[in-house]
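Commentary on secondary and tertiary structure
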Amino acid sequence: MAASGLEKVLASLFWAVIGLLFAVFRVLSRKTAAPAAKLPSVRNPLLLVSATQLAKKIRRREVLSVEVVQAYIDRIQDVNPLINAVTKDRFDAALQEAAQVDRLIEEETGGEEVLEDRLPLLGVPLSVKSSYAFQGMPFTSGLCSRRGVIASVDAPPLTLLKRAGAVPLGTTNTSELCMWSESHNHLHGITRNPYDLERIPGGSSGGEGSLLAAAGSVIGVGSDIGGSIRIPAFFNGIFGHKTTPGVVSNENQYPPSSGRQEEYLSLGPMCRYAEDLKLMLKIMAGPNANMLSLNATVDLKKLRFFTIPHDSGSVWTHPVSKELMEIQRKVVERLEADLGVQVQEVCLPELSYSFQIWDTYMNLPDDEGKSPVSFNELMGEPGRPAWPSWELLKRMVGKSDHTVAAIALGLMEMTHGSKPSKVIMQLKEDLQNKVDELLGTDGVFLYPSHTRVAPKHHHPLFRPFDFAYTGIINILGLPATQCPLGLNQEGLPLGVQVVAGKLQDHLTLELAVFLEKTFGGWRDPGAE
Ligand SMILES: CCCCCCCC/C=C\CCCCCCCC(N)=O
């Protein structure tokens, strides 16, 4: 599906300007090389146990919750000065809650099964993205004007996780208003990738991604409307699941979804160990867990597998790197060799319009004709939308509260037409039909999580559309799990997203367990 002549010209002009800006950026950001700091390796064995196993050990009194929580606090104190992932901790409260857990277990007479059933995460530490309402904690989403905003309630999935016994350690950083693939804002600063501090941890759940990969947390919660769980999970070599929309409550997040965005926004678990995905999702979904088949036994040998190596060549995205194409090919080989299945390569030309489709659908009005709240309104004060050109001038002299990325999004929004393109809407319908037919209830496809491994800080500004690899899956309403696949030669995480049909989340979660066994899962970023 070739782009039109006009689109090709526009894209060429855009990339020429971006190329020039990138050259200027490189000159301005040149600095004398300092020895790169490295994270300390993980020494405490408690930090190398999944949440599922930790909960079991705590229930069986093999370890105290206080010991586990203290181990994580110590680790955060070691790594956070390097990665800047935590926006606010609650260590004293967490230790008190852990001590209460240990007392409760001491006094419980019903036995281990009762505890497992009622409180499956009892005593296990948890981290929380700072765009979720978490009672008593800053609720900022990286926006300077929300400095001092404290949540008065918990977002429903957090209530459920706490009710299951999890002990929150604190909140983590995001991109400004959760709308960029780098977790940087002028309220909490810049979060770094634990595998290379000069690189980004992704966004918008980048604080979660970075902290989890650094072994500063074992489970966390993220949100995803364009890749905000999967991009940071990929860049940090951990697991992240974007749930089928409508299963986990989206209430009490900032910014709230508006227009049709509720259909594309999903919350989901982020973690280092694949077995924790299902446990967390069961809890976070509450009664809606019944919509999914999370208790079903999945026989991977009976599934139909597909691989889609790239988006068929968009003028806006970059080609998928050789190493990512290669690792996806290796996954195919392992599936075929170990499971005896056939993986069919599929080409979906409509994917080359992924960015335009995402952008169009994100801006559609809801069923009552109400348009989504604009990004400039969210950036500004109530009743006074931000004026991005003015903010850009201010940023040039270091006086704007907004990041360049947020200002660029504000500027881009001003170029939107008032009517959605019928051509793009038709392309989306065609793609949806093809994908739904392909997947059915027993199909899974592999698709790159991004076009390259974690880039250097600020580099996404010069390749802003590559998130479309994850964004299109949101618009299609499909569940997807990002799975780590080891490290490249520079020690940076490789990975792939696995996608299934609507409500078939159990399939991608099972495949995540298989890929963890086959490719080794998360790696310690501090390992020698
Ligand atoms: C020089 C910069 C040009 C700026 C053009 C910006 C166009 C990119 C448009 C949207 C980027 C959104 C990135 C979304 C990342 C994940 C969002 C999420 N919450 O899931």
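Given the structure is predicted, the values throughout are model-derived calculations rather than measurements. (Residues numbered from 1 in each chain as written. Predicted model: local features only at pLDDT ≥ 70, side-chain atom pairs only at ≥ 80, totals over all residues. Heavy atoms only, no water.)

**Some words on the site of the ligand**
Stated precisely, the cut-off is as follows: Whether a residue is near a molecule or strand depends on its heavy atoms: it is near if one of them lies within 4 Å of it. In protein, a polar contact requires one atom able to donate a hydrogen and another able to accept it; more generally it is a pair of N or O atoms within 3.5 Å, and residues adjacent in sequence count only if both atoms are side-chain atoms. Labels follow the DSSP assignment, with helices taken as runs of H or I lasting at least four residues and strands as runs of E lasting at least two, numbered in each case from the N terminus. Under the scheme applied, nonpolar residues are Ala, Val, Leu, Ile, Met, Phe, Trp, Tyr, Cys and Pro; charged residues are Asp, Glu, Lys and Arg; polar residues are all the others, including Gly.
Around the ligand there are 19 residues in total, and Cys178, Ile225, Gly226, Ser228 and Met412 lie nearest to it. Within the contact set of the ligand, a nitrogen atom lies 2.7 Å away from a backbone nitrogen or oxygen of Cys178. In the environment of the ligand, an oxygen atom lies 3.3 Å from a nitrogen or oxygen atom belonging to the backbone of Gly227. Mapped onto the shell around the ligand, the elements with two or more residues apiece are helix 11 (354–362) and helix 14 (404–414). When residues in the shell around the ligand are grouped by element, the largest group, 3 residues, is from helix 14. The residue makeup of the shell around the ligand, split by class, is 14 nonpolar, 4 polar and 1 charged.

**Things to note about the UniProt feature "active site" (unreviewed entry) in the protein chain**
Defined as follows: UniProt positions are given in the numbering used here, feature names are shortened, and annotations may be inferred rather than shown by experiment. Note on exposure labels: buried denotes an accessible area under 20% of the residue type's maximum, exposed denotes more than 50%, and partly exposed covers the range between, all computed with a 1.4 Å probe on protein chains only. We call two residues in contact whenever any of their non-hydrogen atoms come within 4.5 Å of each other.
Here the UniProt-annotated "active site" (unreviewed entry) positions come out as Lys129, Ser204 and Ser228. A maximum C-alpha distance of 10.8 Å places the annotated residues, which cover 100 residues in sequence, within one compact spot. Examined against the element boundaries, Lys129 turns out to sit in strand 2 (residues 125–129). Look at Lys129 and you get buried, because its relative accessible area is 0%. Excluding residues that lie within four positions of it along the chain, Lys129 makes contacts with Thr172, Thr174, Cys178, Ser204, Ser205, Glu208, Val221, Gly222, Ser223 and Ser228. Side chain to side chain, Lys129 and Ser205 meet in a polar contact 3.0 Å long.

**What about the pattern of salt bridges?**
Here is the rule we go by: Salt bridges are defined as contacts in which a side-chain nitrogen from Lys or Arg sits within 4 Å of a carboxyl oxygen from Asp or Glu.
In the structure shown here, the tally under the stated rule is 19 salt bridges. For Arg230, the salt bridge goes to Asp224, with nearest N and O atoms at 2.9 Å. Residue Asp224 is classed as buried on the basis of its relative accessible area of 0%. Bridged by salt links that share partners, the residues Asp196, Arg199 and Glu490 form one connected network.

**Quick word on the packing of helix 11 against helix 15 (residues 422–439)**
Rules: Interaxial angle, 0 to 180 degrees, is taken between N-to-C directions of lines fitted to C-alpha atoms, where a helix line uses only the stretch in contact. For classification, angles of less than 35 degrees are called roughly parallel, those exceeding 145 degrees roughly antiparallel, those between 65 and 115 degrees roughly perpendicular, and all remaining angles oblique.
Relative to each other, helix 11 and helix 15 sit at 105 degrees, their axes nearing to 9 Å. Comparing their axes, helix 15 and helix 11 come out roughly perpendicular. Of helix 15, the residues touching helix 11 (which contributes Gln356, Ile357, Thr360 and Tyr361) are Ile424, Met425, Leu427, Lys428, Glu429 and Leu431. Its residues assigned to classes, the contact of helix 11 with helix 15 comprises 6 nonpolar, 2 polar and 2 charged.

**Some details on the side chain of Thr171**
Looking at where Thr171 falls in the secondary structure, it is placed in strand 3 (residues 167–172). In contact with Thr171, other than residues within four places in its own chain, are Ala85, Val86, Thr87, Lys88, Val128, Ser130, Phe134 and Met137.

**A few points about the confidence of the model for the protein chain**
Counted only if it meets this: For every residue, the predictor states its confidence as a pLDDT score lying anywhere from 0 to 100.
The predicted model of the protein chain has a mean per-residue pLDDT of 96, with 99% of residues at 70 or higher. Both scores are available for the predicted complex, with the pTM at 0.97 and the ipTM at 0.92.

**Quick word on the nonpolar core**
Under the convention used in this document: The set of buried Ala, Val, Leu, Ile, Met, Phe, Trp, Tyr and Cys residues whose side-chain atoms join them within 4.5 Å is what this entry labels a nonpolar core.
Ranked by internal contacts, the top residues of the largest apolar core, which has 161 residues, are Leu121, Leu335, Phe445 and Leu515. Per element, the largest residue contribution to this core is 8 residues, and it comes from helix 3 (residues 65–83). Not counting residues up to four positions away in its chain, the partners in contact with Phe445 are Phe306, Ile308, Val435, Leu438, Leu439, Ile473, Gln497, Val498 and Val499.

**Examining the sheet that holds strand 13 (residues 493–500)**
Heads up, the rule is: Note on pairing: DSSP must find at least two bridges between two strands before they are called paired.
Taken together, the 11 strands give an open sheet; going across it, the order is 1-3-2-6-8-7-12-13-11-9-10, and neighbouring strands pair in mixed fashion. Edge positions in the sheet fall to strand 1 (86–89) and strand 10 (343–345), since each has one partner strand and no second. Pairwise comparison of adjacent strand axes, ignoring direction, gives a mean angle of 25 degrees for this sheet. Lying on the sheet, helix 3 is in contact with strand 1, strand 2 and strand 3; it crosses strand 3 at an angle near 15 degrees. On the sheet, helix 4 (residues 91–107) packs against strand 1 and strand 3 and is oriented at approximately 160 degrees with respect to strand 3.

**Quick notes on the packing of aromatic side chains**
Rules: The pairing test for Phe, Tyr and Trp rings, Trp by its six-membered ring, is centres within 6.5 Å, and the orientation test on the planes gives stacked under 30 degrees, edge-to-face over 60, and tilted for anything in between. By definition here, charges over rings are those cases where NZ of Lys or CZ of Arg is within 6 Å of the ring centre and within 35 degrees of the ring normal.
Evaluated as defined, the whole model comprises 15 aromatic pairs. Between Phe25 and Phe462 the ring centres are 5.1 Å apart and the planes differ by 45 degrees, which places this aromatic pair in the tilted class. Of this pair, Phe25 sits in helix 1 (residues 5–28) while Phe462 sits in the loop between strand 11 (443–447) and helix 16 (468–475), and the two are 437 residues apart along the sequence. On the basis of relative accessible area, Phe462 is assigned to the buried category, the value being 12%. With 6.0 Å between their ring centres and 85 degrees between their planes, Phe355 and Phe467 make a pair best called edge-to-face. With Phe355 in helix 11 and Phe467 in the loop between strand 11 and helix 16, this pair connects stretches of sequence that are 112 residues apart. Residue class for Phe467 comes out buried when judged on its relative accessible area of 14%. Among the aromatic residues, those joined into a cluster by ring pairs are Phe14, Trp15, Trp316, Phe355, Trp358, Phe465 and Phe467. Arg146 extends its terminal NZ or CZ atom over the ring of Tyr254, reaching a point 3.6 Å from the ring centre. Seen from the ring of Trp522, Arg272 lies directly overhead, with NZ or CZ sitting 4.9 Å from the centre.

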